[in-house]
Amino acid sequence: MAKRRFIQAINDAMFEEMERDPRIILFGEDVEISMFGDTKGLRDHFGPDRVRDTPICEALLTGMAVGMAAAGWRPVLHMMFSNFMYTGFDAIANQMSKLHLMTGGQMKLPITVMAGFGGGRSTAAQHSDCPYPLFMNLGGINVAVPSNAGDAKGLFKTAVRSNDPAIFLEPGGRGGELGEVPDGEHLVSFGKAAIRREGRDVTIVAIGAMVKLADQAAKALAANGVEAEIIDPRTLVPLDEETILASIAKTRRLVIVDEARDRCSAASQIAAVAADRGFGLLKAPVKRVTVPNVCMPYAPVLERSVYPSSERIVSTVLALVSNQEAI
Amino acid sequence: MRNDYQNPSQETLLAMYERMLVIRETEEYLGAQFRAGELPAGVHLYIGQEASGVGICAHLSDEDWITSTHRGHGHFLAKGGDPYAMIAEIHAKADGVCGGFGGTMHVADLSRGILGANGIVGGGLGIATGAAFAAKLDGKGKVAACFFGDGAANQGTLMEAMNVASLWKLPLLLVCEHNGWSEFTRSEVATSGNILDRAQPFGIPAQEVDGNDVGAVWRVAGEMIEAMRNDGGPGLLLTHTYRTRGHVEAEINFLSQSYRSEEEVASWEARDPLDRAVALLAETGMATEEILVVRERVKTLIDAAAARAQAAPDPDPALVKSMMFSEVDAW
């Protein structure tokens, strides 16, 4: 085990994978200087053919990734902030996610599209979004949202080795957290959730950076005699429904923590799965701790008022276990 | 050694004429099938534009890439796609080139470098730029040709593609097939200036050609593609042509009024690219009987392909769920 910062773990994965497979090409805005640090040093090591800054033209870049992959390369497209994925959304939604089916399976698209996402840093409405619900709805794209350094490395490697498109969302400017990264070849499979903490009273499914908040909440809950089980789905497509359902079967209560806006969030989907396949297991309503249906305000005091917090998780869980209507 | 692109040989002309005939026969058949209610969706026919795709694709091999448009049957066949596999696809059959999953607007054959017709206007621009980057990385002199219409020339991604392709000296041939219409909107209403001039600020060489003259298209495209194979960077080729059929065969069913005059259509029918190819062949001394032999051969080929496609089995609905990912079983 080595202690690595989240962003360093991604950087390690990139070095190792690009060394392993000469057909991996990294391109995107400012990948050479590396704003977040995840692509640092790659240009010097692998040269301009394989690591290349692009103009700011997301609508073209996502289409280019499709063309490069169709022509036999394995592109990694860094889009910096996930909000910029909207500018490049056409080729993601209309080409990347559909061409495998449209061509009757002829076109394999080993593409990784990565970006930093999420709020909490006063980056305001256009740099704080959490767009994975959109990608989940497209159908033909895997969606990985690691919560820690070790998973970031392992999920990134799985993404670039897959022959299907993957969206890899990293915590961007929040990527400095240290974590344990297993030594040697470390791969994390898609569709395998992790149980971060075991507990008997409530299941908390927490996505990405929300795992840390859930962990803080679980400690506070334990002090109140409530044992929370924390499930980290790690990928939203594919989603490990079985692990979530098995946990509900034990705890019979479910709270989902998601920093997407509430309406049609990943939390909504997980709640739907619980209602559909786990109805008989539940003894309380499924609750979601999300961002309300607003875009992210700038002032820290405003942002804090809408961003999920460990306090909100605690109060939601306590209301559930005391059998009151939750907040 | 530079090739002489002054005049295509009789053999080349005849091969191109035959390919144009394959497109025409196939599409006449498909149009009739649609009108007879035998196709599940409307088709966007390339009839009238055949010389453009054929004159360009004559210079491309299976190793080169093309992207196409919603009007993509012609490009598919021009690039060497199998007529049976395409007709079966449009008949929504399991034997279709995309197994019945893509249909008329998405015909693709990766084994022939056909990255697909595309239902999004301008959707091929990014894909072709990426394929051109791939071709450059491959370093084997391959090129990518992006077919798009004058309607797609108004998408911002054209500017983005020209910028990247010029900066990175990508072997990207941007082929704007100017047929005068953006669906049902006249080009004069939708397009400012001259599309050819749009390449100039990017330092991209641009040429225009009579897109109904297969010999002229072949000459200009040959020069541009050869330059590209020698690390020459991108080019823009504007082919002036016209679709003598509607935007989509179904349009008569939903349009409340006509959007173009019979005279306009007739004036272009008088410049039919197939008739003009016949005239070019006659100039080379080819006898009418020899041309008729080719026509019969193509008709027999397409008739047989059509009959076989009609009898082909339907696709299996059980396959749909497995088609979104190539590795769905891996997790």
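Structure shown above.
The notes below deal with the structure included here. (Residues numbered from 1 in each chain as written. Chains lettered and ligands numbered in written order. Predicted model: local features only at pLDDT ≥ 70, side-chain atom pairs only at ≥ 80, totals over all residues. Heavy atoms only, no water.)

1. Side note on the overall build of chain B
Scanning chain B from N- to C-terminus turns up twelve helices and seven strands. For 331 residues, the compact-globule estimate of 2.2 N^0.38 gives 20 Å, and chain B sits close to it at 19 Å. Each of the three principal axes of chain B carries a C-alpha extent, and together these read 60 × 50 × 45 Å. By residue count, 58% of the 331 residues in chain B fall in the buried class. Within chain B, residue pairs in contact and separated by at least 24 positions form 76% of the contacts whose partners lie at least 6 positions apart. With the model as given, the accessible surface of chain B reaches about 13300 Å², and the carbon-plus-sulfur share is 51%. Positive and negative side-chain charges of chain B, numbering 26 and 45 respectively, have mean locations separated by a distance of 2 Å. (Helix = DSSP H or I, 4+ residues; strand = E, 2+ residues; numbered from the N terminus. Rg over C-alpha atoms; globule rule 2.2 N^0.38 Å. Buried < 20%, exposed > 50% of the residue type's maximum accessible area, 1.4 Å probe, protein only. Contact = heavy atoms within 4.5 Å. Areas by Shrake-Rupley, 256 points an atom, 1.4 Å probe, with all protein chains shown as cover. Lys, Arg positive; Asp, Glu negative; His and termini not counted. Charge placed at Lys NZ, Arg CZ, Asp CG, Glu CD.)

2. Looking at helix α8 (residues 214-229) of chain B
Residue and element names in this part refer to chain B. The terminal C-alpha atoms of α8, which comprises 16 residues, lie 22 Å apart, in line with the 22 Å expected from a rise of 1.5 Å per residue. Most of α8 is tucked away: twelve of the 16 residues are buried. Here α8 has its buried residues at Val214, Gly215, Ala216, Val217, Trp218, Val220, Ala221, Gly222, Met224, Ile225, Glu226 and Met228. Here the buried face of α8 lies against α1 (10-35), α2 (50-57), β3 (172-178), β6 (206-210), β7 (235-240) and α11 (273-283). In this structure Asp213 caps α8, since a side-chain oxygen of it lies 3.0 Å from the backbone nitrogen of Gly215. One or two steps after α8, the chain reaches Asp231, where phi turns positive at roughly 65°. (Expected span 1.5 Å × (residues − 1). Polar contact = N/O pair within 3.5 Å; in protein donor to acceptor, adjacent residues only side chain to side chain.)

3. Notes on the packing of aromatic side chains
On inspection of all chains with the given rule, the structure shows eleven aromatic pairs over all chains. With centroids separated by 5.8 Å and ring planes inclined at 75°, the aromatic side chains of Phe81(A) and Phe84(A) adopt a geometry described as edge-to-face. Pairing Tyr242(B) with Trp268(B) gives two aromatic rings, centres 5.3 Å apart and planes at 10°, and the pair type is stacked. You can see Tyr242(B) sitting in the loop between β7 and α9 (251-254) and its partner Trp268(B) sitting in helix α10 (residues 262-269), a full 26 residues away along the chain. (Phe/Tyr/Trp six-rings, centres within 6.5 Å; stacked < 30°, edge-to-face > 60°.)

4. So, the pattern of salt bridges
Counted under the stated rule, the structure contains 40 salt bridges over all chains. Salt bridges linked by common partners bring Glu16(A), Glu17(A), Arg20(A), Lys153(A), Lys157(A), Arg161(A) and Glu185(A) together as one network. (Salt bridge = Lys/Arg side-chain N within 4 Å of Asp/Glu carboxyl O.)

5. Describing the interface of chain A and chain B
Taken together, the contacts link 46 residues of chain A with 37 residues of chain B. Roughly 3500 Å² of surface becomes buried between chain A and chain B when both sides are summed, with 69% attributable to carbon and sulfur atoms. Three residues, Leu60(A), Leu101(A) and Gln106(A), lead the burial of chain A against chain B; their summed loss comes to 18% of the area buried on that side. On inspection of chain A and its partner chain B, the count reaches one salt bridge. Residues Arg23(A) and Asp138(B) are paired through a salt bridge, measuring 3.5 Å at the closest nitrogen-oxygen approach. Scanning the region where chain A abuts chain B turns up 15 residue pairs in polar contact (both at pLDDT 80 or more). Of all the secondary-structure elements, those providing two or more residues to the side of chain A that touches chain B are β3 (51-53), α3 (58-70), α5 (89-96), α6 (99-102) and α8 (149-161) of chain A. Among the elements that make up the side of chain A that touches chain B, the one with the highest residue count is α3(A) (nine residues). (Buried area = accessible area lost by both parts, 1.4 Å probe.)

6. With respect to the sheet that holds strand β11 (residues 228-232) of chain A
Residue and element names in this part refer to chain A. The strand order across the open sheet built from five strands is β9-β11-β10-β13-β14, with neighbouring strands paired in mixed fashion. The two strands at the open ends of the sheet, each matched to only one other strand, are β9 (194-197) and β14 (287-291). The sheet shows a mean angle of 25° between the axes of neighbouring strands, direction not considered. Across the face of the sheet, helix α9 (residues 210-223) comes into contact with β9, β10 (202-206), β11 and β13 (254-261) while running at roughly 170° to β11. In this fold helix α11 (residues 266-277) packs onto β10, β13 and β14, with an angle of close to 150° to the strand it touches most, β13. (Pairing = 2+ DSSP bridges. Axes fitted to C-alpha atoms, helices over the stretch in contact; angles between N-to-C directions.)

7. Describing unusual backbone geometry
Generally, phi is negative for residues other than glycine and the peptide bonds are trans, each holding for most cases. Cis geometry is adopted by the peptide bond preceding Pro238(A), which originates at Val237(A) and carries an omega value of -5°. Considering the arrangement of structural elements, one finds Pro238(A) in the loop between β12 (235-237) and α10 (241-251). Positive phi values are uncommon outside glycine, yet Ala92(B) reaches one of about 65°. Tracing the chain through its elements places Ala92(B) in the loop between α4 (83-90) and α5 (124-138). Look at Ala92(B) and you get partly exposed, because its relative accessible area is 25%. Of note in the backbone geometry, Lys169(B) takes a positive phi value of approximately 50° without being a glycine. Looking at the element boundaries, Lys169(B) is found in the loop between α6 (156-167) and β3.

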